[in-house]
Amino acid sequence: MTAPKDIHAYLAEFEDIPGTRVFTAARARQGYYLNQFAMSLMKPENRERWKADEAAYLAGWPLSEDQKQAVLARDYNRLLNLGGNIYFLSKIFSTDGLSFVQAVSTMTGASVEEYQAMMNAGGRSPEGVRSKGEGR
Amino acid sequence: MARITAGVGSSHVPLLGVAHDQKKDRDAYFGPIFTGFDWTRAWEKAAKPDVVILVYNDHASAFDMKFIPTFAIGCGERYQPADEGWGPRQVPQVIGHPDLAWHIAQSLILEEFDMTIINEMDVDHGLTVPLSMMFGDVAEWPVRVVPLAVNVVTYPPPSGNRCWALGEAIARAVASFPEDLNVQIWGTGGMSHQLQGPRAGLINQEWDNRFLNGLVGGSDHLRHIPHIEYLRETGSEGIEMVMWLIMRGALGPSTRLLHRHYHVPCSNTAIGHIVLEPNP
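The structure displayed is predicted, hence computed values, not measured ones. (Residues numbered from 1 in each chain as written. Chains lettered and ligands numbered in written order. Predicted model: local features only at pLDDT ≥ 70, side-chain atom pairs only at ≥ 80, totals over all residues. Heavy atoms only, no water.)

Peer 1: Please give an account of the nonpolar core that cites residues and values.
Peer 2: Core analysis: the largest hydrophobic core is formed by 97 residues, its most contacted members being F37 of chain A together with I170, I185 and F211 of chain B. In this structure, A6, M133, F135 and V145 of chain B belong to the second largest nonpolar core, which totals 34 residues. (Core = buried A, V, L, I, M, F, W, Y, C linked by side-chain atoms within 4.5 Å. Buried < 20%, exposed > 50% of the residue type's maximum accessible area, 1.4 Å probe, protein only.)

Next comes the structure, spelled out in structure tokens:
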């Protein structure tokens, strides 16, 4: 068996990874409409309505005020904290015409250029970002 | 009788579809990635598989949060490339193999795997990018495809051990299909990458290469890697590598290496690619 028997222990470990929000059931529940809103941007007619008036489009979705503000601000770290998942949120930045590298870099504190340079040099080392508790 | 003749592991990075479609595949950035697939394209032409069982994950294209199947199998006649927000890729439609797919679905359910059956869906880059990487620019795909979608987005995804066991059951199902078919199984997704949060951009070349090496010969240890290790060591999206274990499980106790390629970076990820044959 590779799966732990204790779901609580399984979930607790995810909170120990630095700079990472694992898409658990709790986040999936909190972000259900946020992710479904993002998913609606898969349809060209919805993208047009969204681009014409973002706030009006959001008003049609039962999102929290925090979620709406974070969407309008394109604050992806905050959206992850509010239950967003990156594969769904990607529909927002794709509609903005941004690539994954451009959008993902905004969550790291680095500029797009710095992030790209890090990737070209082999990416972010796992050293020091494996565990908060163990500091490794 | 049908038989699984080979397994292919490969990342399915969406940017590779863009590079392929815009013919940038031999420029300075993409050249080292695409040349790693030259051997495989020549080999696929000679190997002439009839069907590929293509293990991948949907990226919020066919499935949204309404339904989240852990394992789903495409039993339809054909699948169109999905519109992922930039319009559908201009690549051929994917032709299914409903007879084989239904046979596998029924066999797996009797083996106590609770499969979701899909008759209609569009397929996203997770499925079409590997086809482009293995077959290049073609008017129609030279194989029929049985899509097998795995949830690796909403936790918990299936364990590596469960994926391996599913692969073993797929091999038994294929072997009991009466038609003479040359079948390959591809495991796609991964390798190390994290697309979210302050830790985005994580790459662990040492771990990835250990995993690739582990797929050759006896690989039993790989099925016991827990989710938390993929997350810590290979980033939040590195969990996609459990899908390679469905491919590996289907190849039996031991494999022989035919081709191997690894390169960093490819967009936000490491690209890994391996071709294996079952050892008799």
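Still more ground to cover, so stick around.
Peer 1: Break down the pairing of strand β1 (residues 3-10) of chain B for me, with residues and values.
Peer 2: Residues and elements named next belong to chain B. Burial analysis of β1 places six of its eight residues in the buried class, the great majority of the element. The pairing of β1 with strand β9 (residues 182-188) spans seven bridges and is parallel. Bridge pairing in β9 links R3 to N182. Of the strand pairs in this sheet, β1 and strand β12 (residues 269-278) are connected by four bridges, and their pairing is antiparallel. From the neighbouring strand, S10 faces β12, where its bridge partner is H273. (Helix = DSSP H or I, 4+ residues; strand = E, 2+ residues; numbered from the N terminus. Pairing = 2+ DSSP bridges.)

Peer 1: Give me the lowdown on the interface of chain B and chain A, citing residues and values where you can.
Peer 2: Contacts between chain B and chain A engage 50 residues on the former and 51 residues on the latter. Note on chain B versus chain A: buried area summed over both sides is about 4,200 Å², and carbon and sulfur give 59% of it. Together, M65, R199 and R232 of chain B form the three largest contributors to the area buried by chain B at its contact with chain A, with a combined 17%. The interface formed by chain B and chain A includes three salt bridges. A salt bridge links R47 of chain A to D83 of chain B, with the shortest nitrogen-to-oxygen separation between them at 3.9 Å. Summed over the shared surface of chain B and chain A, the number is 23 residue pairs in polar contact (both at pLDDT 80 or more). Elements that contribute at least two residues to the side of chain B that touches chain A include exactly α6 (160-175), α8 (227-234) and β11 (254-266) of chain B. Classifying every residue of the side of chain B that touches chain A by side-chain character gives 20 nonpolar, 20 polar and ten charged. (Contact = heavy atoms within 4.5 Å. Buried area = accessible area lost by both parts, 1.4 Å probe. Salt bridge = Lys/Arg side-chain N within 4 Å of Asp/Glu carboxyl O. Polar contact = N/O pair within 3.5 Å; in protein donor to acceptor, adjacent residues only side chain to side chain. Nonpolar A, V, L, I, M, F, W, Y, C, P; charged D, E, K, R; others polar.)

Peer 1: How would you summarise the pattern of salt bridges if you had to cite specific residues and measurements?
Peer 2: If you walk through the whole model with that rule in mind, you get 17 salt bridges over all chains. Across the pair R130 of chain A and E233 of chain B runs a salt bridge, and its minimum N-O distance is 2.9 Å. On the criterion of chain membership, the pair formed by R130 of chain A in the segment after α10 (112-120) and E233 of chain B in helix α8 is interchain, its members lying in two chains. The two residues R130 of chain A and E233 of chain B agree in class, both being buried. The network of salt bridges with shared partners includes E54, R74 and D96 of chain A.

Peer 1: Just give me the short version of a nonpolar patch on the surface, but keep the residues and values in it.
Peer 2: All names here are of chain B. A cluster of nonpolar side chains, namely W102, I109 and I117, defines an oily patch on the protein surface of about 240 Å² accessible area. Mapping I117 onto the fold places it in strand β6 (residues 116-118). In this structure I117 comes out as partly exposed when scored by relative accessible area, which is 33%. (Patch = residues over 30% accessible without salt bridge, like charges linked within 9 Å, V, L, I, M, F, W, Y side chains within 5 Å. Areas by Shrake-Rupley, 256 points an atom, 1.4 Å probe, with all protein chains shown as cover.)

Peer 1: Outline the environment of A47 of chain B, supporting the account with residue identities and numerical values.
Peer 2: All names here are of chain B. Within the element layout of this structure, A47 appears in helix α3 (residues 38-47). In this structure, the C-alpha to C-alpha distance between A47 and Y29, residues 18 residues apart in sequence, is 29 Å. If we ignore the near neighbours within four places in the chain, the residues touching A47 are N182 and Q184.

Peer 1: Report on the sheet that holds β6 of chain B, specifying residues and quantitative values.
Peer 2: Residue and element names in this part refer to chain B. The strand order across the open sheet formed by nine strands is β6-β3-β8-β2-β9-β1-β12-β11-β10, and the pairing between neighbours is mixed. Looking at which strands have only one partner, the edges of the open sheet turn out to be β6 and β10 (217-218). Here three bridges tie strand β3 (residues 71-74) to β6, and the two strands are oriented parallel to one another. When the bridges of β6 are listed, I73 appears paired with I117.

Peer 1: Go over the pairing of strand β4 (residues 78-81) of chain B, please, and point to the residues and values.
Peer 2: Across two bridges, β4 of chain B lies against strand β5 (residues 94-95) of chain B in antiparallel orientation. Residue Y79 of chain B lies in a different strand from β5 of chain B, and its bridge partner there is V94 of chain B.

Peer 1: Pulling in residues and values, what's your account of unusual backbone geometry?
Peer 2: All names here are of chain B. Backbone torsion omega between G190 and M191 reads 0°, so that peptide bond is classified as cis. Structurally, the position occupied by M191 is in the loop between β9 and α7 (205-214). If you check the backbone angles, E112 has positive phi at about 75° while not being a glycine. Structurally, the position occupied by E112 is in the loop between α4 (98-110) and β6.

Peer 1: Pulling in residues and values, what's your account of the UniProt feature "domain: Extradiol ring-cleavage dioxygenase LigAB LigA subunit" (unreviewed entry) in chain A?
Peer 2: Within the UniProt annotation, "domain: Extradiol ring-cleavage dioxygenase LigAB LigA subunit" (unreviewed entry) is assigned to residues 34-120 of chain A. The span residues 34-120 of chain A is 71% helical and 0% strand by assignment, and the distance between its end C-alpha atoms comes to 33 Å. (UniProt positions renumbered as here; feature names shortened; annotations may be inferred.)

Peer 1: Explain the side chain of S267 of chain B to me, and be specific about the residues and the numbers.
Peer 2: Note on placement: S267 of chain B falls in the loop between β11 and β12. When its relative accessible area of 9% is taken as the criterion, S267 of chain B is described as buried. Of the polar contacts made by the side chain of S267 of chain B, one reaches the side chain of N268 of chain B; its length is 3.4 Å. Leave out the neighbours within four places in its chain, and S267 of chain B touches V101 and M119 of chain A together with V13, L15 and Y29 of chain B.

Peer 1: If you had to explain a negative patch on the surface to someone new, which residues and values would you point to?
Peer 2: On the surface, D50, E77, D99 and E179 of chain B cluster together to form a negatively charged patch. If you trace the backbone, E77 of chain B turns up in the loop between β3 and β4. (Lys, Arg positive; Asp, Glu negative; His and termini not counted. Charge placed at Lys NZ, Arg CZ, Asp CG, Glu CD.)

Peer 1: Explain the environment of M65 of chain B to me, using residue names and the numbers behind them.
Peer 2: Inspection of the secondary structure puts M65 of chain B in the loop between β2 (51-56) and β3. Spatially, the C-alpha atom of M65 of chain B lies 20 Å from that of M243 of chain B, the residues being 178 residues apart in sequence. In contact with M65 of chain B, other than residues within four places in its own chain, are F23, A28, Y32, N35, Q36 and F88 of chain A together with T154 of chain B.

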